Amino acid sequence: MTQPKLDVIAIGNAIIDVIAHCPETLIDELGLTHGGMQLIDAEQARTLYAAMGPGREVSGGSAANTLAGLAALGAKCGFVGQVAADQLGEVFTHDIHAAGIAFSVPPRAGETPTARCLIFVTPDGQRTMNTFLGASHLLSEDMVDEGMIADAAVLYLEGYLWDPVEPRAAMRKAIAAARAAGRKIAFTPSESFIIDMHRLDFLSLIDDGAVDIMFCNEHEMATLTGKPSFEDGVAQLSARVPVLVVTRGADGAVAIAGGERVEVAAQPIDKVVDTTGAGDLFAAGFLYGHVRGKGLADCLAMGAICASEIISHYGARPECDLADFVAKRMN
């Protein structure tokens, strides 16, 4: 097996996040589910955008956020995702290149715009996400460079992109390329409603040995396994994947690998401002430890520290020197 040139390559949605603070009452008025995530069409995107207060526009997308965290920690990363040939597409491309992440998929011409996620943040720090997939769900398998996939130690996939047919084919192509090269595959199902739609597919990936590292939160695990009991879900899923990482919000996280079980508490912070990207950055910290050969406990600790940085401010990209932030808290 050749030495990989990249630590992690990810396939995911190329999205611009529009984030705005709002009162709890607005969530009810708009008929949204507090703290939930839904896919919306272009008309709904226009309606919700009009209802938002002053906001911030920042590059997002679950897997892309994870890569941004990894790159900030010092990892070499690559991204596969689709933007449109429009202003938001230029913003996303600029931001990911500025983070030092390899990204060479050309922008797509046509009427379908770059994806955007409208995020309403309530006073308790919870985010209610409304995603218009736009051009991101048009990622074709032709955009997957098998050589680039084979050059990465870990292929990371987000479940959000599994629903559209074309990106699903692209991810299956990448899985085959990673497996052929003897690389690891990490996967997150992303959200319970995605699992509801593709549960059998996800379980098939797991049982076919296509997932080496599984990231999920406790609610996603319950949906995937059908086990409402946390311990029952852990027992079932940990027996089917080599490495299982389950986050529990304020209750920390658990990881199981090779018969070893490790738990970590959530990092204390003064105030939870916005939980957008907490799981994404947890995955970044864990994967950084993993590709650096750290033990399970250190990987979990790095994940918890990275998550604590992201929930202390608006947006899902680090706003400090993340490598220094983690180093100081690991000592």
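Small disclaimer: the values here were computed from a predicted structure and weren't measured. (Residues numbered from 1 in each chain as written. Predicted model: local features only at pLDDT ≥ 70, side-chain atom pairs only at ≥ 80, totals over all residues. Heavy atoms only, no water.)

Caption draft 1: Quick look at the side chain of Thr-122. In this structure, Thr-122 sits in the loop between strand S6 (115–121) and strand S7 (127–132). For Thr-122, a relative accessible area of 1% corresponds to the buried category. A distance of 2.6 Å separates the side chain of Thr-122 from the side chain of Asp-124, its partner in a polar contact. (Helix = DSSP H or I, 4+ residues; strand = E, 2+ residues; numbered from the N terminus. Buried < 20%, exposed > 50% of the residue type's maximum accessible area, 1.4 Å probe, protein only. Polar contact = N/O pair within 3.5 Å; in protein donor to acceptor, adjacent residues only side chain to side chain.)

Caption draft 2: Inspection of helix H7 (residues 192–207) at higher detail. When the terminal C-alpha atoms of H7 are compared, their 19 Å separation across 16 residues is substantially less than the 22 Å that a helix rising 1.5 Å per residue should span. Of all the bends found along H7, the most pronounced is centred on His-198 and spans about 85°. Of all the residues in H7, the buried ones are Ser-192, Ile-194, Ile-195, His-198, Phe-202, Leu-203, Leu-205 and Ile-206. Looking at the buried positions of H7, the neighbouring elements they touch are helix H6 (165–180), strand S9 (184–188), strand S10 (213–217), helix H8 (218–225) and helix H9 (230–238). Note on H7: the residue one or two positions beyond its end, Gly-209, has a positive phi of about 80°. (Expected span 1.5 Å × (residues − 1). Bend = angle between axes of the 7 residues up to and from the residue. Contact = heavy atoms within 4.5 Å.)

Caption draft 3: Region of the structure containing the sheet that holds strand S2 (residues 15–21). Ordered by their spatial adjacency, 5 strands build an open sheet running S3-S7-S6-S2-S4, and the pairing between neighbours is mixed. Two strands lie at the open edges of the sheet, namely strand S3 (37–39) and strand S4 (55–60), each paired on one side alone. Neighbour-to-neighbour, the strand axes of the sheet open up by a mean angle of 20°, direction not taken into account. In this structure, S3 lies alongside S7, joined through 3 bridges in parallel fashion. Note that in S7 the partner of Gln-38 across the bridge is Asn-130. Each of S2, S3, S4, S6 and S7 touches helix H2 (residues 42–51); the most contacted strand, S6, lies at about 40° to it. (Pairing = 2+ DSSP bridges. Axes fitted to C-alpha atoms, helices over the stretch in contact; angles between N-to-C directions.)

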